[in-house]
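# Close look at the chain arrangement
These are the residues of each chain, in order.
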Amino acid sequence: MSRFSRRRDSVPDPHPVDLAGRPDLRAAFDAVNRDLAATLPEAGPMRLTCTPSSDENVPDAYHVALCDGRWHGSVTDPAATDIAEAAQETVQAVLWQVWPVCPEHRIGVHSGFGADERDVWWCRVGSGHELCEVGELAQTLPGKQRRALRRKERGREG
Ligand SMILES: [Zn+2]
């Protein structure tokens, strides 16, 4: 046994990842968490966690996790463009919630690329339409909900 080998029966719990050195990921999480706060506050905010690999030939696994630590799916190389999709996967698999939903067609939307390579939520009904940029879901809410949200945000700041 080499001194690098570790016990195989101890799968470590994922630990939170500090995004201080990854402004791209932090911005992606900020956008997704803004959308969760606006439309599914019970799920957010989400964060990046990591399950360190116990095998030096296997890369660490990263997850987009709920605030209570639950997650679904993993990637070995987290990229900002994947955060919205990974968050959506965790919400659907762990909370059994379709999120986000197109308010016009009442169907789940998907993350994708809009004009200028922006990350957007895309509704596939008909020939498809862009719902909004990721992070801007609040703008798709009916006026009454949007005003309630603004009141809540002001309350938090105050
Ligand atoms: Zn739609």
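Residues numbered from 1 in each chain as written. Predicted model: local features only at pLDDT ≥ 70, side-chain atom pairs only at ≥ 80, totals over all residues. Heavy atoms only, no water.

This part is about the sheet that holds strand β7 (residues 119-123). Across the sheet, which stays open at both edges, the 3 strands sit in the order β6-β7-β8 with antiparallel pairing between neighbours. A strand with exactly one partner marks an edge of an open sheet, and here the two such strands are β6 (110-113) and β8 (129-133). When the angles between neighbouring strand axes are averaged without regard to direction, this sheet yields 45°. Across 4 bridges, the pairing between β7 and β8 is antiparallel. In the strand pairing of β8, Val-120 is matched with Glu-133. Along the sheet, helix α2 (residues 83-95) makes contact with β6 and β7, crossing β6 at roughly 170°. (Pairing = 2+ DSSP bridges. Helix = DSSP H or I, 4+ residues; strand = E, 2+ residues; numbered from the N terminus. Axes fitted to C-alpha atoms, helices over the stretch in contact; angles between N-to-C directions. Contact = heavy atoms within 4.5 Å.)

All right, on to the coordination of the zinc ion then. Surrounding the zinc ion are the protein donor atoms Cys-102 (SG), His-105 (ND1), Cys-123 (SG) and His-129 (NE2), which sit 2.0 to 2.3 Å from the metal. Coordination at the zinc ion comes from 4 donor atoms whose angles at the metal span 102 to 117°, giving a geometry best classed as tetrahedral. What makes Cys-102 buried here is its relative accessible area of 0%. (Donors = N, O, S within 2.8 Å, 3.2 Å for Na, K, Ca; no water. Tetrahedral: all angles 85-135°; square planar, octahedral: opposite > 155°, others 65-115°. Buried < 20%, exposed > 50% of the residue type's maximum accessible area, 1.4 Å probe, protein only.)

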